[in-house]
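Chain and residue survey
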Amino acid sequence: MSINIAILWHMHQPYYYDPLKGKFMLPWVRLHATKDYLDMLLILKNFPKIKVTFNVVPSLLKQLMDYEKGITDIFFEYSLIKAEDLSLEQKIFIIENFFLANWDTMVKPFLRYAELLEKRGKSYGNLEKIAQKFTPQDIRDLQVLFNLTWIDPLHRNEDPVLIEIIKKGRNFSEEEKSYILDKHLNIMRKIIPTYREMFNSGQIELSVTPFYHPILPLLCDNYKAKECMPWVTLPENNFRAPEDAETQIKKAIDFFEETFGSKPKGMWPSEGSVSEEVIRLINKAGIKWIATDEEILEKSLGVKIRQAGNLIAPDLLYRTYNFEGVDIFFRDRVLSDLIGFVYSRWDAKKAVDDFIGKIKKSPSNSIVSVILDGENAWEYYENDGFDFLNALYEKLQNDNELTTVTFSEYLSLKNERTSLSKVFPGSWINANFSIWIGHEEDNLSWDYLYKTRQELIKFREENPQVNLSEAWEEIYIAEGSDWNWWYGDEHYTDTKDVFDEIYRHHLMSVYLKIGKEPPDFLHIPISKGMREIKPEIEPKGFIYPKIDGKVTGYFEWLEAGKFNLERLGGSMHRSESLFSYLYYGFNRKSLFIRLDPRYPLKEIEELKINIVIFEPRSIKITYDDFKKRLASVMIRDGENWIKKDEIDTVAYEEIVEIELPFDIIEIKQEENICFLIEILKNSYIVEKIPFTGFIKVHVPTPDFDKLMWL
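Heads up: these notes are all about the structure in this document. None of the values given here were measured: they were computed from a predicted structure.

All right, on to the overall build of the protein chain then. A tally of regular secondary structure across the protein chain gives 27 helices and 26 strands. Against the globule reference of 27 Å for 710 residues, the protein chain gives a C-alpha radius of gyration of 28 Å, in line with a compact fold. Overall size of the protein chain, expressed as C-alpha extent along the three principal axes, is 90 × 60 × 50 Å. Counting every position in the protein chain, which comprises 710 residues, the buried fraction comes to 61%. Long-range pairs, those at least 24 residues apart, make up 72% of the contacts in the protein chain between residues at least 6 apart in sequence. Positive and negative side-chain charges of the protein chain, numbering 90 and 114 respectively, have mean locations separated by a distance of 1 Å.

Direction vectors running N to C along helix α14 (residues 242-260) and helix α15 (residues 276-284) enclose 45 degrees, while the axes themselves pass 10 Å from each other. The orientation of α14 with respect to α15, classified from their angle, is oblique. The way α14 lies across α15 gives a crossing that is right-handed. Every residue of α15 that contacts α14 at Pro242, Ala245, Glu246 and Ile249 is listed here: Glu277, Leu281, Ile282 and Lys284. For the contact of α14 with α15, the class distribution of residues is five nonpolar, no polar and three charged.

Our next topic: the packing of aromatic side chains. Inspection of every chain in the model, using the stated rule, returns 46 aromatic pairs. Centre to centre, the rings of Phe199 and Phe256 are 6.0 Å apart; their planes meet at 80 degrees, and the pair counts as edge-to-face. You can see Phe199 sitting in helix α11 (residues 174-201) and its partner Phe256 sitting in helix α14, a full 57 residues away along the chain. Here Phe199 and Phe256 have matching classes, each one buried. Here Phe329 and Tyr410 contribute two aromatic rings whose centre-to-centre distance is 6.3 Å and whose plane-to-plane angle is 65 degrees, an arrangement assigned as edge-to-face. In this pair, Phe329 sits in strand β11 (residues 326-331) while Tyr410 sits in helix α21 (residues 407-413), placing the two residues 81 residues apart along the sequence. Grouped by ring-pair contacts, the aromatic residues Trp9, Tyr343, Trp346, Phe355, Trp378, Tyr381 and Phe388 constitute a single cluster. For Lys299, the ring lying beneath its charged end belongs to Phe424, and the centroid distance is 5.6 Å.

The next subject is the environment of Pro214. Relative to the helices and strands, Pro214 resides in the loop between β5 (204-208) and α12 (216-220). The spacing of Pro214 and Asp482 is 268 residues in sequence and 8.2 Å in space, taken between C-alpha atoms. Beyond its immediate sequence surroundings of up to four residues, Pro214 is in contact with Leu219, Gln248, Ser270, Glu479, Gly480 and Ser481.

Moving on to the pattern of salt bridges. Should their charged atoms come close, side chains of opposite charge can pair. Counting across every chain of the model gives 52 salt bridges. One salt bridge in this structure joins Lys119 and Asp138, with 2.6 Å as the shortest N-O distance. Residue Lys119 is located in helix α6 (residues 111-120), and its partner Asp138 is located in helix α8 (residues 136-149); the two are separated by 19 residues in the primary sequence. Among the residues examined, Lys119 registers a relative accessible area of 35% and is labelled partly exposed. By relative accessible area, which is 5% here, Asp138 ends up buried. When the shortest N-O distance is used, the salt bridge between Asp354 and Lys358 registers 3.0 Å. In this pair, Asp354 and Lys358 both sit in helix α19 (residues 348-359), four residues apart, roughly one turn of the helix. Residue classification places Asp354 among the partly exposed positions, given a relative accessible area of 21%. Judged by relative accessible area, which is 33%, Lys358 ranks as partly exposed. The network of salt bridges with common partners includes Arg112, Glu115, Lys119, Asp138, Asp141 and Arg170.

Turning to the pairing of β5, a few remarks are in order. Among the five residues that make up β5, five are buried, leaving the element largely enclosed by the rest of the structure. Note: strand β4 (residues 52-56) against β5, five bridges, orientation parallel. Note on β5: the bridge partner recorded for Phe54 is Leu206.

Turning to its location among the elements, Leu145 is positioned in helix α8. Put simply, Leu145 and Phe99 are 46 residues apart on the chain and 9.2 Å apart in space, counted from C-alpha to C-alpha. The contact partners of Leu145, leaving out residues within four places of it in the chain, are Phe110, Arg112, Tyr113, Leu116 and Phe172.

Bringing a nonpolar patch on the surface into the picture now. Taken together, the side chains of Tyr554, Phe555 and Leu558 define a hydrophobic patch exposed on the protein surface, amounting to about 380 Å² of accessible area. Locating Phe555 in the fold gives a position in the loop between α25 (496-513) and β15 (561-564).

This part takes up unusual backbone geometry. At the junction of Glu615 and Pro616, the peptide bond is cis and its omega measures out at 10 degrees in the coordinates. Positionally, Pro616 belongs in the loop between β18 (607-615) and β19 (619-623). For the bond running from Ile689 to Pro690, omega is -10 degrees, close enough to zero to count as cis. Along the polypeptide, Pro690 turns up in the loop between β25 (684-689) and β26 (695-698). Phi at Glu271 is positive, roughly 55 degrees, even though this residue is not glycine. Unusually for a residue other than glycine, Glu324 sits at a positive phi of about 50 degrees.

Calculation notes
- Residues numbered from 1 in each chain as written.
- Predicted model: local features only at pLDDT ≥ 70, side-chain atom pairs only at ≥ 80, totals over all residues.
- Heavy atoms only, no water.
- Helix = DSSP H or I, 4+ residues; strand = E, 2+ residues; numbered from the N terminus.
- Rg over C-alpha atoms; globule rule 2.2 N^0.38 Å.
- Buried < 20%, exposed > 50% of the residue type's maximum accessible area, 1.4 Å probe, protein only.
- Contact = heavy atoms within 4.5 Å.
- Lys, Arg positive; Asp, Glu negative; His and termini not counted.
- Charge placed at Lys NZ, Arg CZ, Asp CG, Glu CD.
- Axes fitted to C-alpha atoms, helices over the stretch in contact; angles between N-to-C directions.
- Parallel < 35°, antiparallel > 145°, perpendicular 65-115°, else oblique.
- Left-handed = near helix turned anticlockwise from the far one by under 90°.
- Nonpolar A, V, L, I, M, F, W, Y, C, P; charged D, E, K, R; others polar.
- Phe/Tyr/Trp six-rings, centres within 6.5 Å; stacked < 30°, edge-to-face > 60°.
- Lys NZ or Arg CZ within 6 Å of the ring centre and 35° of its normal.
- Salt bridge = Lys/Arg side-chain N within 4 Å of Asp/Glu carboxyl O.
- Pairing = 2+ DSSP bridges.
- Patch = residues over 30% accessible without salt bridge, like charges linked within 9 Å, V, L, I, M, F, W, Y side chains within 5 Å.
- Areas by Shrake-Rupley, 256 points an atom, 1.4 Å probe, with all protein chains shown as cover.

Fair warning: the whole summary comes from geometry, so function is off the table for now.
So this is what it looks like as structure tokens:
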């Protein structure tokens, strides 16, 4: 009797599309597509006796399809631009972001790439100064090498043109760059058809995850977290939407059937998150099996499976369980994590020998489940994991004591099930939900989602005839787990502010799709440290500028506060900014705002500036016709904005200048004004100033000017 081993590679990326900008803001779907998705299938294809399960998240497949439709990411867009035609901010973006790869395994193997990294510096200061040192050829080489290193070695080594480009090493041409970018798109087009081909051949099983990767137990009831985390601080609002959980499951199954021609039999719940209520919904949808983590099994049975890291009850772990009609597999966490986090530092053959040796200690005829992320681990391996995977599959194929199976195949051959009387709620991380709820940021995210969804429900009740499918789609996207993965203190990324903005933009989009103004709170970043933004220079005295849209004199804005917008936010946001500086100041009667464009704005049609004041009360000043010197002052009345007044103290010629009289905007002495500025083009927000928060101004007393001189 042999030992059965079921391997599941989980393929997932967050949903990077920003609905207000109409593009993917991060490139990781594309780059993992060129580096991980297709080659893992092609490697497996060389070992026809090996059976593997790939879990594909529908929102990942949807993004792959969107690339085929022509939607791109900002990294791709900047790669397309000729090096000589890049603006300074675009060059800065490339210099800052095009080294986002594992330096040891993806940068150092290319001598020129490593040289360029040294030229920028592994830690760096003023990127504007650094950019002056980079020639157009340096930038083009960086564009080429970044996109080249994210092509898997398997694809590089089989392409004669890429082989020659690699041999050349430096001084690349625009034509060579274009070839690499076309190669990206060609690889991406092959992924779904190859999944389909190997699924139909029976070598792989495809399982699925709820559509936008939500944490289903929290979607059903986010206060459920108390069961596995009695200490947790819960959000202010109890989010309960089991109907959304059911929709996420159904949408995933329908999408899978449409894409692959049959319904999936298995499901990996997002982050292995389960509860009894969720399993009942999964059963109702017709899914036959699910999988989660061994610690969930421990807590469900009330017995120890491991002691001091050692497996002491393999007979309990390596079997199939059933809860109310759904078969459940529990992954071996140690074996899974060895591949995910440890073996990358080992010689491939020794790693495989160690892995196989551990599996062979399992009871005969048992089922060993190895389940892990199928994409992120490989950049830490030499040769992108090619050597390890080849050695692993070869060893498994030639070992008569081990049999690889898909989960459905195993269930069709083995009828033994152990019934569970209860299932402990939790995820594959510490058997709880602490990554997604409990932290101040996580809870605020849940409350924002709750308020937005309640607004949509209210609108539906009042307008039953209106098709709200697009608004609901935005809700389902916002229910994904990846937003809260980055909120809180558990994980870090340089692009946390990007995730934060995309999440809030999806919620804003709900309001826009029902014809309502997004509430003020959605303009404020959720992430800590991204709230009030301090200026580079604080106001030093009263100012009395002439509102004519021109730099009339040196002294008129000299005492104002000043933000250098080119230094705020990451290079991603600076590269798309329309403005370079923001000045603000006041006197006894008015607040003054000045925006300095990077280039003439009159060339841009349908441009609108909103100054959004949300404290001490909700006021919006809209300047939407640069040919006129007139702006509307709006006040919020419940859900609507009502025009209260007009001001003619606005102007644009060389710069934008706006005077806001305190009596018009109803602001008193000693009050704090919290505001931000939105730049809209064709009704879409194209820029927010400051990008990551708001500006606070303390309305002065009449003696402010005098006090500043003391």
